[in-house]
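Understanding the architecture of this molecule
Single-letter residue listing:
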Amino acid sequence: MSDILLAAGIVMTSAGAMPADLRLGEGGIIAVGPDLDRVGAEVVDCSGCWVGPGLVDPHVHLREPGQEWKEDIESGSRAAAAGGFTAVVAMPNTDPPIDSGHLARFVADRGRLVGLVDVFPAGCVTAGRAGQRLAHLDELWAAGVRVFTDDGDSVADAGLLRRAMEYLVDLGGVVSQHAEDRGLAGAGQLHEGEVSARLGLAGIPGAAEEVVVARDLAVTRLTGGRYHVQHVSTAGTVALVGAAKEAGLAVTAEVAPHHLAFDHRAVLSTDPAFKMYPPLRRPEDVEALRQALADGTIDMVGTDHAPHAAHEKDVPFEDAPRGVIGLETAVGVVLETVGLGSVDLFTRMALAPARMAGLADRGRWLAVGEPATITVIDPAVSWVAERFHSRSANSPWRGRALRGRARHALLRGRFTLRDGEVQW
Amino acid sequence: MKALLDAADMARAVRRIAHEILERNRGAGDLVLVGIHTRGIPLARRLAAALAEAEAPVPVGELDIALYRDDLDRRPVTRVGATRVPVPIDDRVVVLVDDVLYTGRSVRAALDCLADLGRPRRVELAVLVDRGHRELPIRADYVGKNLPTSTLERVSVRLAEVDGEDGVWVGVEQ
Amino acid sequence: MRHLLDIADLGRADLEGLLDDADGFVEVLARPIPKVPALRGKTVTTAFFEASTRTRLSFERAAKALSADTMTFAPGTSSLSKGESLKDTVLTLQAMGSDLLVMRHQAVGAARRAAEWLSIPVVNGGDGAHQHPTQALLDALTVRRRFGSLEGLEIAIVGDIRYSRVARSDLLAFSSLGAHVTLVAPRTLLPVTTEDWPVTVSPSLDEVLPTVDVVYLLRVQTERGGASVFPSLAEYTSRFGMTRERRARLKPGAVVMHPGPMNRGVEIADEVADDPDSLVLEQVSLGVAVRMAVLFRLLGGEADV
């Protein structure tokens, strides 16, 4: 097999972004530098593009096992590859939920079989996501699980959360929390504010998220554990996370592209494409989230890719399931809404999620000897999201013009995306 | 466009029709004049004034026939106008008044509307201009002027109350 | 106008045009034969997924007075209970030859979704606590016929604003037509915010009584378990009920309205409800004329207003 030469891109190295070629061969990256020797290499033009470590999505729903009509690991892997991702952390709220070792192995194995991206299963914190007793944390750990979450629900019992965190301190795992207080969220359908008042729908106040995060941060301090806040949606949560980091807690946070792109006024249309939990918040929250992702208070982007079949979303807003897909549009949306530079983009979408999720062989800049797991992003290309590799098309960006997109991706030296085409 | 009637011609036509109505009905006793929206209404008022001058005041009503038209699908209505008849029309003689008699479809609609309002003893029809080309078996009892036209021509009756001037013109359809 | 879904979709001229037409239909309904052939051959279908008799009957009466045929979809006995989706249900009603669908549904935005799915006009007969546009039109018509115009009128809407589609619709219509609206309710019955609404808010009915031209009482939704949002019905009545004493403190010419059905003895006292000056029954009669105007505009009127 001949070497691959990624030519004339801007390469992300520990010394920063620099114009360079990148030569990939047996054993990963074999050379980095300007005007590398092209003899014996397949040359792939990367001019105008950013060449960085493979993107990682710390938060996706692949729906398998149990809800394969929405998505499965194969279609979800294709969607991830199309978006330039080389690894995803699959949420455990499947049917059955991933609360024991053999289920986690099933998910990881299915991902390996498809071979387009590494699929890292997250495991439940509590058995059956029921919030009553701890899941088989050791067994999950042995199966490779590093992220523990009851996503879709909060771990409501602070005592149970404490025990999980204490247990995971020794192992080094992280609790990833869907922060939503059930009592405050109630039957809410969208952010509680002008739009919910206008529509006459029950709202979810920002406090529903903030009380859980505030409580969890106290538990984090108590246990010395690692804590990750999923899909931060309010300025208040940003402030809590910022203060906790300043206080030295082991806290990370993610934001979803839709929370960077839209505010609750989009829901005035009652289009179910804008229904997700946490809900779209106020314009000032959107501004705070963009700022926090830019300055690093929020460490990473997690798409919360949540596929739902057309017939499930083709109902009145109130009757629609929550969530939107995001893998295939994430890069463009993040670039458009936050305008991150190349180093920051790869920090937020590759390094930080890999480190949070404890992924082996990831979380480092490109250098000789590193694996050839690479994403090449064209930050200037204009395109319209029309057809999706995901089995579902519940995207609020459907039919909208975006700027910026992954052009190539390689997983351990093999193209998974080439010139925008999934190598399948 | 060619002017066929001027203001004086129109005034004469209205007076003549008023006299014919009185003659045929032997007085103004049971009469009700009902104008068809839009230009039939001022014409009915002018006829009433002429009748009052010649003999006695006659009540005047107005009909909006939009709700009775048979071509709503083809020619949508912008606004529903008023239908007002000041006295019960049962057992009276109603004289429908319109500006132009053409296909007869407006008169058909007006007759249907009248039937919903009551049961007149007799209904007569007075028009300022009869331009022919009937599509229904309807004829006028009183005609200001017979105007043989082609269907390509447009007959335009203008009344001071609605249009700011009096007169009848004929032009070619644009 | 392709559909009637939300008062917010209508400008002042649209509202006034519909009320003008409705005035014409008031006259039609007063005729010896209160029926016109305008919509002969058209079929108006009512699909009320949430129980309601009054509004459905009013629409059917309006359709029949325009000589339209009516079809009634009864969800209780339908394939909905067999799991058919809302989309398939309304597509089926359209395929059966409906020319217009009047729809009430408990989900906010349901009528708008149906309008997206269908090629025929859709009239929102109420969606959750969101909108009930024909109620707003009939209320505006009632006020306009009583006062001549809404310009400069003071209107108080009293009661369960938070859960009321009538309040959400009426306040938009009233204020768009030039009236000033005050919402009167305890905090627990107000929406979380009214900041961007064209209204004033007051917690005291007694304070606004002497200055208003219209007191619009909302139904206390006792079936919703009022106990959790105010202490007791008796306490509600003592603060917000339109008693005979309060009626007497209204300025001369002021009127009391209610969308029905009334909870006598709760938000409205018998003497007020039965007062010859109460407009409650006139609201009901004018509802038919307003709905005729809406049906005629959507099926016989100008295609694009």
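Every value quoted in this text rests on a predicted model; they were computed, and no experiment measured them.

Here we come to the overall build of chain C. Of regular secondary structure, chain C possesses eleven helices and nine strands. Taken against the 2.2 N^0.38 rule, which gives 19 Å for 305 residues, the C-alpha radius of gyration of chain C at 19 Å falls within 12% of a compact globule. Dimensions of chain C, computed from C-alpha atoms along their principal axes, come out at roughly 55 × 45 × 35 Å. By the burial criterion, 62% of the 305 residues in chain C qualify as buried. Relative to all contacts within chain C whose residues are 6 or more apart in sequence, the contacts with residues 24 or more apart total 75%.

Here we come to the interface of chain C and chain B. On the side of chain B, 14 residues touch chain C, which itself brings 20 residues to the contact. Counting each side, the surface lost to burial between chain C and chain B is near 1,600 Å², with a carbon and sulfur contribution of 56%. Our count for the chain C to chain B interface comes out at zero salt bridges. Here chain C is connected to chain B by four residue pairs in polar contact (both at pLDDT 80 or more). Those elements that provide at least two residues to the side of chain C that touches chain B are α1 (12–29) and α11 (280–299) of chain C. The greatest single-element share of the side of chain C that touches chain B, amounting to six residues, is contributed by α1 of chain C. Across the side of chain C that touches chain B, the residue classes break down as ten nonpolar, three polar and seven charged.

What follows is about the interface of chain A and chain C. Taken together, the 19 residues of chain A in the interface contact 19 residues of chain C. Summing both partners gives a buried area of about 1,500 Å² for chain A against chain C, and 56% of it is carried by carbon and sulfur. Among the residues of chain A in contact with chain C, R198, D314 and P316 of chain A are the three that bury the most area, contributing 36% of the side total. Across the pair D314 of chain A and K87 of chain C runs a salt bridge, and its minimum N-O distance is 2.5 Å. The tally of links from chain A across to chain C stands at eight residue pairs in polar contact (both at pLDDT 80 or more). With five residues, helix α6 (residues 194–199) of chain A is the single largest residue contributor to the side of chain A that touches chain C. Grouping the amino acids of the side of chain A that touches chain C by side-chain chemistry returns seven nonpolar, five polar and seven charged.

Overall, the coordinates contain six aromatic pairs over all chains when judged by the stated rule. The ring of F415 of chain A is capped by R418 of chain A, whose NZ or CZ atom sits 4.4 Å from the centre of that ring.

What follows concerns the pairing of strand β14 (residues 250–255) of chain A. All names here are of chain A. Relative to β14, strand β13 (residues 226–229) runs parallel, the two being bridged by four bridges. Counted as the bridge partner of V229 is A253 from β14. Read as a crossover between parallel neighbours, the route from β13 over helix α8 (residues 235–246) to β14 is right-handed. In the sheet, β14 pairs with strand β15 (residues 300–301) via two bridges, with the strands oriented parallel. What sits directly across from E254, in β15, is M300.

So, on to the arrangement of the chains. Sorting the two pairs of chains in contact by contact count puts chains A and C at the top. There is a gap between chain A and chain B: no contact, and a shortest C-alpha distance of 29 Å.

Sheets are built from strands that pair by backbone hydrogen bonding, the pairs being arranged parallel or antiparallel. Residues and elements named next belong to chain C. Read from one edge to the other, the open sheet built from five strands follows the order β7-β6-β5-β8-β9, with strand pairing classed as parallel. Here the strands that pair on one side only, and so sit at the sheet edges, are β7 (199–202) and β9 (255–257). On average, each strand axis in the sheet is tilted by 25° relative to the strand beside it, whichever way the strands run. Both strand β5 (residues 154–158) and strand β8 (residues 214–217) contribute to a ladder of four bridges, which runs parallel. Note on β8: the bridge partner recorded for I157 is Y216.

Moving on, we get to the nonpolar core. Counting residues in each nonpolar core, the largest one holds 118 residues, and the members touching the most others are F25, I157, F174 and F296 of chain C. Sorting elements by how many residues they give to this core places α11 of chain C first, with eleven residues. Not counting chain neighbours up to four residues away, the residues in contact with I157 of chain C comprise A167, D170, L171, F174, V181, T182, L183, V184, Y216 and L218 of chain C. Grouped together as the second largest cluster of nonpolar side chains are 76 residues, A80, V88, V229 and L293 of chain A included.

What follows covers the sheet that holds strand β1 (residues 2–5) of chain B. Residue and element names in this part refer to chain B. The strand order across the open sheet formed by three strands is β1-β8-β7, and the pairing between neighbours is antiparallel. Every interior strand has two partners, whereas the edge strands, β1 and β7 (153–158), have only one. Strand-to-strand, the axes of this sheet are offset by a mean angle of 30°, without reference to chain direction. Pairing of β7 with strand β8 (residues 167–172), which is carried by six bridges, proceeds in the antiparallel orientation. Looking at the pairing, R154 lines up with G171 of β8. Lying over the sheet, helix α1 (residues 7–25) contacts β1, β7 and β8, oriented at roughly 30° with respect to β1.

A few words now on the environment of H102 of chain A. Along the polypeptide, H102 of chain A turns up in helix α2 (residues 101–114). Each C-alpha atom, one on H102 of chain A and one on K70 of chain A, is 23 Å from the other, the two residues being 32 residues apart in sequence.

Right, let's get into the packing of α1 of chain C against helix α5 (residues 133–147) of chain C. All names here are of chain C. Taken N-terminus to C-terminus, the directions of α1 and α5 make an angle of 70°; their axes are 10 Å apart at the nearest point. It follows from the interaxial angle that α1 and α5 lie roughly perpendicular. Listed contacts from α5 to L15, E16, L18, L19, D20, A22, D23 and V26 of α1 are L137, A140, L141, R144 and R145. By residue class, the composition of the contact of α1 with α5 is eight nonpolar, no polar and five charged.

Residue and element names in this part refer to chain B. Counted residue by residue, strand β2 (residues 31–36) has six buried out of six residues, so it is predominantly covered. With burial as the criterion, each face of β2 is covered, one bearing L31, L33 and G35 and the other bearing V32, V34 and I36. Here β2 runs beside strand β4 (residues 93–101); their pairing, made up of five bridges, is parallel. Bridging from a neighbouring strand, V32 pairs with V94 of β4. Examined bridge by bridge, β2 and strand β3 (residues 60–63) share four bridges and lie parallel to one another.

So, on to the domain arrangement of chain A. Residue and element names in this part refer to chain A. Looking at the assigned domains, one finds that chain A contains domain 1 (3–50 + 369–422) and domain 2 (54–356). Computed from C-alpha coordinates alone, the two centres of domain 1 and domain 2 are separated by 26 Å. Of the roughly 3,200 Å² buried between domain 1 and domain 2, counting both surfaces, carbon and sulfur atoms make up 63%. For domain 1, the biggest contributors to the area lost against domain 2 are R391, N394 and W397; these three give 22% of the whole.

With that settled, the discussion passes to α11 of chain C. With 20 residues, α11 of chain C extends 29 Å from end C-alpha to end C-alpha; this agrees with the ideal 28 Å at 1.5 Å per step. α11 of chain C sits mainly inside the fold: 16 of its 20 residues count as buried.

Below, the discussion takes up the side chain of R63 of chain A. Residue and element names in this part refer to chain A. Along the chain, R63 falls in the loop between β6 (55–60) and α1 (73–82). In this structure, R63 is buried with no salt-bridge partner, the nearest side chain bearing the opposite charge being D304 at 7.1 Å. One polar contact links the side chain of R63 to the main-chain carbonyl oxygen of P307, over a distance of 3.0 Å. Apart from residues lying up to four places away in sequence, R63 is in contact with E68, K70, E71, T94, A306, P307 and H308.

Here we come to the environment of R92 of chain B. Residue and element names in this part refer to chain B. Summarising the element assignment, R92 is placed in the loop between β3 and β4. As for R92 and P42, which are separated by 50 residues in sequence, their C-alpha atoms are 21 Å apart. Residues within four places of R92 in sequence aside, it is in contact with G29, D30, L31, V32, P59, V87, P120, R121 and R122.

For the rest of this paragraph, the subject is the pattern of salt bridges. Residues and elements named next belong to chain B. A complete count under the given rule lists 60 salt bridges over all chains for this structure. Of the charged contacts, one joins R12 and D9 as a salt bridge, the two residues approaching to 2.6 Å between their closest N and O atoms. Taken as a pair, R12 and D9 lie in helix α1 at a separation of three residues, close to a single helical turn. Residue classification places R12 among the partly exposed residues on the basis of a relative accessible area of 46%. Here D9 falls in the partly exposed class, since its relative accessible area comes to 26%. A salt bridge links D71 to R69, with the nearest nitrogen and oxygen atoms 2.9 Å apart. According to the relative accessible area criterion, R69 is buried, its value standing at 18%. Connected via shared salt-bridge partners are D70, R105, R108, D112 and E135.

So, how was this worked out
- Residues numbered from 1 in each chain as written.
- Chains lettered and ligands numbered in written order.
- Predicted model: local features only at pLDDT ≥ 70, side-chain atom pairs only at ≥ 80, totals over all residues.
- Heavy atoms only, no water.
- Helix = DSSP H or I, 4+ residues; strand = E, 2+ residues; numbered from the N terminus.
- Rg over C-alpha atoms; globule rule 2.2 N^0.38 Å.
- Buried < 20%, exposed > 50% of the residue type's maximum accessible area, 1.4 Å probe, protein only.
- Contact = heavy atoms within 4.5 Å.
- Buried area = accessible area lost by both parts, 1.4 Å probe.
- Salt bridge = Lys/Arg side-chain N within 4 Å of Asp/Glu carboxyl O.
- Polar contact = N/O pair within 3.5 Å; in protein donor to acceptor, adjacent residues only side chain to side chain.
- Nonpolar A, V, L, I, M, F, W, Y, C, P; charged D, E, K, R; others polar.
- Phe/Tyr/Trp six-rings, centres within 6.5 Å; stacked < 30°, edge-to-face > 60°.
- Lys NZ or Arg CZ within 6 Å of the ring centre and 35° of its normal.
- Pairing = 2+ DSSP bridges.
- Right-handed = clockwise from strand over helix to strand, strands pointing away.
- Axes fitted to C-alpha atoms, helices over the stretch in contact; angles between N-to-C directions.
- Core = buried A, V, L, I, M, F, W, Y, C linked by side-chain atoms within 4.5 Å.
- Parallel < 35°, antiparallel > 145°, perpendicular 65-115°, else oblique.
- Domains from an automatic or database assignment.
- Expected span 1.5 Å × (residues − 1).
- Lys, Arg positive; Asp, Glu negative; His and termini not counted.

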